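Chain and residue survey
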Amino acid sequence: MLTIEVQKLSKTYSGRQVLKDIDFKVQSGEVFVLVGPNGAGKTTLLRILDLLEEPTEGRILFNETPVDYSAKDKVALRRRIGMLFQQTKLFDMSVSDNIAYGLKVRGEDKVTIEGKVRETLKLVQLQGYERKNALTLSGGEAQRVSLAQALVTEPELLLLDEPTANLDPRNISIIEEVLTNINREKRTTIIMATHNMFQAENLAHRVAMINNGKIEGVGTFQEIFGRPSEPVKNFVKFENVFSGLSTAFTEGTSIIDIGDRLKIEAAFKKSGYVMIHIPPEDIILSSQPIVSSARNMFEGRITQILETESAVKLKVKVGESKNFTVQVTKKSFKDLQLSIGTRIFLVFKASSVQII
Amino acid sequence: MLTIEVQKLSKTYSGRQVLKDIDFKVQSGEVFVLVGPNGAGKTTLLRILDLLEEPTEGRILFNETPVDYSAKDKVALRRRIGMLFQQTKLFDMSVSDNIAYGLKVRGEDKVTIEGKVRETLKLVQLQGYERKNALTLSGGEAQRVSLAQALVTEPELLLLDEPTANLDPRNISIIEEVLTNINREKRTTIIMATHNMFQAENLAHRVAMINNGKIEGVGTFQEIFGRPSEPVKNFVKFENVFSGLSTAFTEGTSIIDIGDRLKIEAAFKKSGYVMIHIPPEDIILSSQPIVSSARNMFEGRITQILETESAVKLKVKVGESKNFTVQVTKKSFKDLQLSIGTRIFLVFKASSVQII
Amino acid sequence: AYEHYLSSQKPIIVLATTTSVYDSGMLDYLIPKFENKHHAEVHVISVGTGQAIEIGRRGDADIVLVHSKNLELSFVNSTYGIHRIGVFYNDFIIVGPASDPAGIKNLTNSTEAFRRICERGFRGDATFVSRADKSGTNMFELKIWSMLGITPSNKTYAWYIEAGTGMGSVLRISNEKGSYTLTDRSTWLSFKRQLKDMDILVQDDKILTNPYAIILVNPEKYPNRNYKGALALAKFMISNEGQELIANYKKNGEMLFKPLARKIELARELGFPDQSNELAWYDKQKP
Amino acid sequence: MMCEKMFENTFLEEILNITLLSLKVSGTAVLIGAIIGIPIGTALGFGWFKGKMMLTRIIDLTLKSIVNTFMGLPPVVVGLVVYLLLTTSGPLGPLGLLYTPTAMIITQLIMAVPIVTGVTMSAIGSVEKTVRERALSLGATDRQAAWTVLREARTGILTAVIVAFGAAISEVGGIMIAGGNIRWVTRTLTTAIVVETNLGNFDLAITLGIILLSIAFIINLALTIIQFRGQKR
Amino acid sequence: MMCEKMFENTFLEEILNITLLSLKVSGTAVLIGAIIGIPIGTALGFGWFKGKMMLTRIIDLTLKSIVNTFMGLPPVVVGLVVYLLLTTSGPLGPLGLLYTPTAMIITQLIMAVPIVTGVTMSAIGSVEKTVRERALSLGATDRQAAWTVLREARTGILTAVIVAFGAAISEVGGIMIAGGNIRWVTRTLTTAIVVETNLGNFDLAITLGIILLSIAFIINLALTIIQFRGQKR
Ligand SMILES: Nc1ncnc2c1ncn2[C@@H]1O[C@H](COP(=O)(O)OP(=O)(O)OP(=O)(O)O)[C@@H](O)[C@H]1O
Ligand SMILES: Nc1ncnc2c1ncn2[C@@H]1O[C@H](COP(=O)(O)OP(=O)(O)OP(=O)(O)O)[C@@H](O)[C@H]1O
Ligand SMILES: [Mg+2]
Ligand SMILES: [Mg+2]
């Protein structure tokens, strides 16, 4: 099975450095998940690993042997790798022929091909679609055929670029389990890019946070997202994002009308349409209205509580439809004796309101 | 502003009925979200609403006027609609030119175009990308440019097909807020298809569950997902999906080895690779090991608790890495005095194990 | 020469003629002299004889210069063409491989030569390439065969090759295949240096004479055509000066065309019974 | 004999004249051919004549086959037809266009239009349907959408022009009949090649051919640079 | 005069003979031309001669321009060159191919190869790069990937063949010189048209032209049906 080592890898597109000094090692049989914002360089990295793109600098080692990108024939190596592209684009053939493609080019015999295609179609839950032209598939169907294309040849290394972006929740669960099982049973090394945090958590042995072409950290999901660094914080879901018309005042503050008759005071001076964000950690909960220097106070009702090992997250509905997320420590959660339906006050400072 | 009424709509592709008797009405200024499994017909429906595809039967009324699909010139109507396609494919031009396209074909003047393009680029957080060729964008960047294309002309009706499939979490939050704001400020009617349940919950005024070409239910998110019907249950995320080698026994049961040295007994008879699912409602929690007719019992540790208004969901880690989800009533949750870290026994019957 | 043609204010005379005349280069030599003198511009269209006459009949030319008696006569009989007059002639020659398998060298009787070729042909020793394009040259050839009572075709006679192409190509084909053929002397001279294995075998037979005629396009049929110009060109070519210029045009030291217009007797023999009347008519016309 | 002439002033002057005429005739024919053929090719490529009924499908296929067939119009026949139209006694005789460069342009135009149309048709057909849909969806009229598709198919369209230009600049049978191959007036490089071939001056004929190709090469180099600039990554 | 002959048996027989030869010569030339031209066009379309260095880029562009230029090879010049090669004293003289259908096939082949190559090159270039990448990623060798791209470009490739066939079936200058237009042996529809035109038998020439086009139409109808079957939705 394959181990992958990436050494000092850089990639430049027409003067713009898209990957910078990437260094990491993936063990054989590992599930290595790349997370990072749009344009971070995940797809570029996967394409380089699939030998489709040549690195500008640095090198890749498969089983300790450096890849020779200038070699005329990279087929032998490529045949040990399966890749699922982010943009699903199938061949203008039937679904079966699409899936059989990788086997056909390897010269497998017809009976083997038929058997494997049938099996793989079942894995991706597309029995009965054999004869359909692949270009008429729905988004999610096409993505699963793409995955089947990559799986059918039983590669030693699977490169997956957003494998479930277009799938429905049920199929996401199924595909995740298929991947887990393949990794477990066949010891297939998997490197995948995903924006789905649950997926990263479910599947990853290790996660690499990639941002702006650089690796910001490698470790288990807990190591990376448990005590998040600045780039990681910038990456994860923004809770409490609101937008509306802002009116600036001479004192250097602004009032933003976010709808639902809610007005938020912020410590910046900007008029016009703005989008703002209030970090969930910056919001204080109080059972009583409090008088303080904090400029914003809203009353709301708790609708959801999520307890994890590190903290407690609450969803609080304010006004008709605004959902605020508040993060508190386990201790204060206990002290305040909060439960679903409790009416509560949210308090935060004008300076906690960030402009996006 | 536009109201949309769909009446007895059917669509057949080469003999296969993809949409069947679709009937619904969307009010002006409403956010109407289509959810449903892959291949349900969401994209087809949106394409028909965008006048790109002709219905086989039935009709669509915009502001009470039926659409004449055979009319040579559908431009006037189409210019009131903006659509974001599921498959992002931009024109082979710069990002600016791509976004400006809709304005150019409407004959807007240069200054207006420049201003609007700049504004819209800011909305989708892609300032600085103006001159880049759109075909070299990353998946998420391209999707946001597509959205900008649809937004820049300020349509009265926005059709969005999986608008955030390729976005990172931060951008999802931002785009969701942009959509909320547009709907709030400009009273833009939005019809969108999404697989993201959070998104549906965040944005939808009403949700339509579409399955197998038929509408299974229309209502608020709570109405549809609060007390889920059978199709809805089949749609939402499958928790507790495991796979492994199954060995069938003569008594009509099978033992499935799901890895981590965990073996699950099931009430079916099937050998070989299987994928199974245990409904979270079917699992009983117990503080002590219990003796019962239930064939499966595993010890685990609670890692996460999610309380909502209707029920409590717990994540329980069993063995090294298997995460089980268990759903209990609020009452039993209270009674058992559960908290993060509590060691607990999961008990379920062989007949609760379903094969996928 | 170029400036001369640039000033195209001059009246244009369209002359339709056969490729064989044009390719001899004689017109490029003769016509500038006419143009200088008459302040006119001559446009030469060189095509097959049949096509040249057809162009005249349709009124797309003012004057035609061709060599095919039957076609010429029907052109005149249809009253589209008027005042047919013989202007010069050249001769046909029989050429063939220097080895001369049919043994026709130095014969002066072309009919006999054809007979021998045919005889040898049936034995498989000789072949003959025909232009087979109903051109003037081809008509001549067919006439000789018909005198022998033969209607050759390469469908029935393997030795008879019908190549429907220009004289130059036919010579090249003959050279390649070691065949005999009938050619006009002018083309022969042009191609001679490329035809290494071929010689003139039969020449100077009276019946091999090839006269060229000038015919004016009837101005009553096409009043818009440049009849005056055509008349001037015809007069120039049959004038003493013109005839002399023709006689002086040489290639590799050999005269290509011999004057005919003013040789009434010869003209009559070569199929121009009205030569003297026509000559008188032309001479009478004002320039 | 021609070879001594090579260095005579008039000779070079004549070659220049012939070359310029070749370029003028073929260039004009292809330009007009492109203006006519690209829209027709676009319409056919989009299948605008193709409805849902069997009949319109047959019409569509027939039209396409006709275009494909007319890509092989025999030059001599085209020349003849033009001749018969322009001949003094013909329907367009009064225009007096026979044996003029205009007649040659018309002849080559007739040949260029189907070629431009046919290759355009195929280039348009190979652009993904989504491009047009996206344009329409963004509010483009049918015409604007067609324009956008054309833009995406630009490599293929330029190939259409290049193929038509190649056919025109090398064509001889048609312009010979319609133009008359009149020295200094309607003689082009190709007709001159025929004359020299008839005269047995093969060297000169081939030299003229090389001149023709050299000029075509320069033009094509320019077009090719444009063409492959426009190619998708 | 020819017109009475129209109904003579031999006449019809000859027309048939001529027609079959036309089809045989042009068909063979285009077939071989496709076999040679499609791979070259594919290689050029992929930019296999294009490296990262300036020099290889120039080579690539030059090769493409040469192909584009050679789409406009003047038939007469090609015929002459073939003649000079095959003539008894020429380098290939000993083969004895001059004035045979083979010589004509060679002539048309020389013209067909650049056309097939050029149009293929452009068709390949317009297939999205992703198709090839996907094929390679799925384990295809360069050759297999090329094959897959060809498959996706099939409409364009068929257009290449149709254009080349059109050029070949209507060509006359080249086969006239290399084939000699020998009756019953190397006479084709186009050369027969020239003969009739020279004779002033314009009607017959045009009739032959119509026969030519009718046959081409039937062939093209078949090819067009194949072509537009293969078109992407
Ligand atoms: N061929 C190219 N030419 C120029 N720039 C490119 C090219 N390919 C990618 N880029 C740029 O490189 C950056 C990284 O792209 P990449 O596709 O690797 O991002 P990504 O991490 O996969 O993003 P996403 O989550 O949106 O898919 C992007 O900003 C993109 O615009
Ligand atoms: N042009 C077509 N020809 C034949 N079948 C088609 C065509 N377009 C769509 N289908 C089929 O119709 C069904 C519905 O497709 P549609 O794209 O509307 O699904 P969807 O709900 O958008 O799915 P997804 O969530 O995967 O995007 C699918 O099963 C698909 O295979
Ligand atoms: Mg990506
Ligand atoms: Mg869809």
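Since the model is a prediction, treat every value here as computed from it, not as a measurement.

The next point concerns the environment of arginine 183 of chain D. Locating arginine 183 of chain D in the fold gives a position in the loop between helix 9 (173–179) and helix 10 (189–198). Overall, arginine 183 of chain D belongs to the partly exposed group, its relative accessible area being 25%. Those residues in contact with arginine 183 of chain D that lie beyond four places of it in its chain are Tyr22 and Asp28 of chain C together with Glu14 of chain D.

This part covers the interface of chain A and chain B. Often, the extent of an interface is quoted as the loss of accessible area on bringing the components together. Taken together, the 63 residues of chain A in the interface contact 64 residues of chain B. For the pair chain A and chain B, the two sides together bury roughly 5,400 Å², of which 47% comes from carbon and sulfur. Salt-bridge contacts for arginine 301 of chain A lead to glutamate 309 of chain B; the nearest nitrogen and oxygen are separated by 3.4 Å. Going through the elements one at a time, helix 4 (110–123), helix 5 (139–151), helix 6 (169–186), helix 9 (230–235), strand 11 (241–248), strand 14 (272–277) and strand 16 (296–308) of chain A are the ones with two or more residues in the side of chain A that touches chain B. In terms of residue count, helix 6 of chain A provides more of the side of chain A that touches chain B than any other element does, eleven residues in total. Looking at the side of chain A that touches chain B residue by residue, the class counts come to 21 nonpolar, 23 polar and 19 charged. The pairing of strand 16 of chain A with strand 16 (residues 296–308) of chain B spans five bridges and is antiparallel. Residue pairing in the sheet places threonine 308 of chain A in a bridge with glutamine 304 of chain B of strand 16 of chain B.

This next bit is on the coordination of the magnesium ion (ligand 4). Residue and element names in this part refer to chain B. Within the protein, Thr43 (OG1) and Gln86 (OE1) serve as the donor atoms for the magnesium ion (ligand 4), at 1.8 to 2.2 Å. With a gap of 43 residues between them, threonine 43 in helix 1 (residues 42–49) and glutamine 86 in the loop between strand 6 (81–84) and helix 3 (95–105) connect regions that are remote in the sequence. On the basis of relative accessibility, which here comes to 14%, the residue glutamine 86 falls in the buried class.

This part takes up the relation of the copies chain A and chain B. Screw-axis analysis of chain A against chain B gives a translation of 0.0 Å along the axis, an RMSD of 0.0 Å, and a rotation angle of 180°. Accordingly, the operation relating the two chain copies is best matched by a two-fold axis. Across chain A, the smallest distance between a C-alpha and the rotation axis is recorded for leucine 306 of chain A, namely 2.2 Å. Of all interface residues in chain A, 100% are interface residues in chain B too; the two copies therefore contact each other through one and the same surface.

One way to see where empty space is left: roll a probe the size of a water molecule over the atoms. On inspection of all chains with the given rule, the structure shows 14 cavities of 30 Å³ or more. There is about 920 Å³ of room inside the largest cavity. Residue lining of the largest cavity: 45 residues in total, with Thr19 of chain C, Val194 and Asn198 of chain D together with Val194 and Asn198 of chain E positioned closest to the centre. Counting residues per element, the ones that place at least two in the lining of the largest cavity are helix 2 (19–23), strand 2 (41–47), helix 4 (49–57) and helix 8 (167–177) of chain C, helix 9 and helix 10 of chain D together with helix 9 (173–179) and helix 10 (189–198) of chain E. Split by residue class, the lining of the largest cavity holds 16 nonpolar, 24 polar and five charged. If you add up the space inside the second largest cavity, you get close to 400 Å³. Along the walls of the second largest cavity sit 28 residues, with Pro75, Ala167 and Ser170 of chain D together with Ala167 and Ser170 of chain E positioned nearest its centre. Its residues assigned to classes, the lining of the second largest cavity comprises 18 nonpolar, eight polar and two charged.

A word on the site of ligand 2. Taken together, 21 residues form the shell around ligand 2, and within it Lys132, Ser138 and Gly140 of chain A together with Thr43 and Thr44 of chain B come nearest. One finds residues of chains A and B in close proximity to ligand 2. With respect to ligand 2, the backbone of glycine 140 of chain A contributes an N or O atom lying 2.6 Å from an oxygen atom. Taking glutamate 141 of chain A, its side chain carries an N or O atom lying 2.7 Å from an oxygen atom of ligand 2. Contact with the protein chains hides 90% of the accessible area of ligand 2, taken as 630 Å² for the molecule alone. When contributions to the shell around ligand 2 are tallied by element, the ones reaching two or more residues are helix 5 of chain A together with strand 2 (16–26) and helix 1 of chain B. Considering only residue class, the shell around ligand 2 consists of six nonpolar, eleven polar and four charged.

All names here are of chain D. Averaged over every residue, the pLDDT of chain D is 88; residues scoring 70 or more account for 91%. For residues 1–7, every residue scores under 50 in pLDDT, and the model assigns this stretch eight contacts once sequence neighbours within four places are set aside. In the predicted assembly, ipTM is 0.86 and pTM is 0.88.

Moving on to the domain arrangement of chain A. What the domain assignment reports for chain A is domain 1 (4–235) and domain 2 (241–355). Taking only C-alpha atoms into account, the centre of domain 1 of chain A sits 40 Å from that of domain 2 of chain A.

Below, the discussion takes up the site of ligand 1. Near ligand 1, the surroundings consist of 21 residues, among which Thr43 and Thr44 of chain A together with Lys132, Ser138 and Gly140 of chain B are the closest. Residues lining ligand 1 come from chains A and B. In the environment of ligand 1, an oxygen atom lies 2.8 Å from a nitrogen or oxygen atom belonging to the backbone of glycine 41 of chain A. In isolation ligand 1 offers 630 Å² of accessible surface; the protein chains occlude 89% of this area.

On to the pattern of salt bridges. Tallying each qualifying case throughout the model produces 56 salt bridges over all chains. Linking lysine 313 of chain B and glutamate 239 of chain B is a salt bridge whose minimum nitrogen-to-oxygen distance equals 3.1 Å. Pair noted here: lysine 313 of chain B is in strand 17 (residues 312–318) and glutamate 239 of chain B is in the loop between helix 9 (230–235) and strand 11 (241–248), with a separation of 74 residues, a long-range link. Residues glutamate 162 of chain C and arginine 183 of chain E are paired through a salt bridge, measuring 2.6 Å at the closest nitrogen-oxygen approach. Placement of glutamate 162 of chain C in strand 6 (residues 160–162) and of arginine 183 of chain E in the loop between helix 9 and helix 10 is noted, with the two residues assigned to different chains. Residue classification places glutamate 162 of chain C among the buried residues on the basis of a relative accessible area of 5%.

Below, the discussion takes up the side chain of histidine 277 of chain B. All names here are of chain B. For histidine 277, the location among the structural elements is in strand 14 (residues 272–277). For histidine 277, a relative accessible area of 8% corresponds to the buried category. Polar side-chain contacts of histidine 277 include one of 3.0 Å to the backbone oxygen of glutamate 239. Not counting residues up to four positions away in its chain, the partners in contact with histidine 277 are Phe238, Glu239, Asn240, Val241, Ser352, Val353, Gln354 and Ile356.

The subject of this paragraph is a nonpolar patch on the surface. A surface patch of nonpolar side chains, about 440 Å² in accessible area, is lined by Leu31, Ile32, Ile35, Ile36 and Ile40 of chain D. Along the chain, the position of leucine 31 of chain D falls in helix 2 (residues 9–46).

Here helix 6 of chain A contains 18 residues, and its C-alpha end-to-end distance of 25 Å stays within 8% of the 26 Å for a straight helix at 1.5 Å per residue. Arginine 187 of chain A sits one or two positions beyond helix 6 of chain A and adopts a positive phi of about 55°.

Our next topic: the packing of helix 3 (residues 54–70) of chain E against helix 5 (residues 101–125) of chain E. Residues and elements named next belong to chain E. For the pair helix 3 and helix 5, interaxial distance at closest approach is 8 Å and the crossing angle is 125°. The angle between helix 3 and helix 5 places the two elements in the oblique class. As helix 3 packs across helix 5, the resulting crossing turns out to be left-handed. When helix 3 is examined against helix 5, the residues Lys64, Val67, Asn68 and Phe70 are found in contact with a partner set consisting of Pro114, Thr117, Gly118 and Met121. Its residues placed into classes, the contact of helix 3 with helix 5 shows four nonpolar, three polar and one charged.

Contacts between the two partners involve 25 residues from chain D and, on the opposite side, 26 residues from chain C. Across the chain D/chain C interface, buried area totals approximately 2,000 Å², and carbon plus sulfur atoms make up 54% of it. Across the chain D-chain C interface, the total number found is one salt bridge. Among the ionic pairs, aspartate 28 of chain C bridges to arginine 183 of chain D, the shortest N-O distance being 3.4 Å. Our enumeration of links across chain D and chain C arrives at nine residue pairs in polar contact (both at pLDDT 80 or more). Put simply, the parts of the chain that give the side of chain D that touches chain C at least two residues each are helix 2, helix 4 (75–86) and helix 10 of chain D.

A word on the arrangement of the chains. Among the eight pairs of chains in contact, the pair with the most contacts is chains A and B. Contact between chain A and chain C is absent, and the least distance between their C-alpha atoms amounts to 50 Å. Between chain B and chain C there is no contact; the minimum C-alpha to C-alpha separation amounts to 50 Å.

Calculation rules
Residues numbered from 1 in each chain as written. Chains lettered and ligands numbered in written order. Predicted model: local features only at pLDDT ≥ 70, side-chain atom pairs only at ≥ 80, totals over all residues. Heavy atoms only, no water. Helix = DSSP H or I, 4+ residues; strand = E, 2+ residues; numbered from the N terminus. Buried < 20%, exposed > 50% of the residue type's maximum accessible area, 1.4 Å probe, protein only. Contact = heavy atoms within 4.5 Å. Buried area = accessible area lost by both parts, 1.4 Å probe. Salt bridge = Lys/Arg side-chain N within 4 Å of Asp/Glu carboxyl O. Nonpolar A, V, L, I, M, F, W, Y, C, P; charged D, E, K, R; others polar. Pairing = 2+ DSSP bridges. Donors = N, O, S within 2.8 Å, 3.2 Å for Na, K, Ca; no water. Least-squares fit on C-alpha atoms with pLDDT ≥ 70 in both. 1 Å grid on protein atoms, 1.4 Å probe; cavity = no way out; pocket = protein on both sides within 12 Å on 5 of 7 lines; lining within 4 Å. Points joined across faces, edges and corners; volume = space filled by probe spheres on them. Near = heavy atom within 4 Å. Polar contact = N/O pair within 3.5 Å; in protein donor to acceptor, adjacent residues only side chain to side chain. Areas by Shrake-Rupley, 256 points an atom, 1.4 Å probe, with all protein chains shown as cover. pLDDT = per-residue confidence, 0-100. Domains from an automatic or database assignment. Patch = residues over 30% accessible without salt bridge, like charges linked within 9 Å, V, L, I, M, F, W, Y side chains within 5 Å. Expected span 1.5 Å × (residues − 1). Axes fitted to C-alpha atoms, helices over the stretch in contact; angles between N-to-C directions. Parallel < 35°, antiparallel > 145°, perpendicular 65-115°, else oblique. Left-handed = near helix turned anticlockwise from the far one by under 90°.

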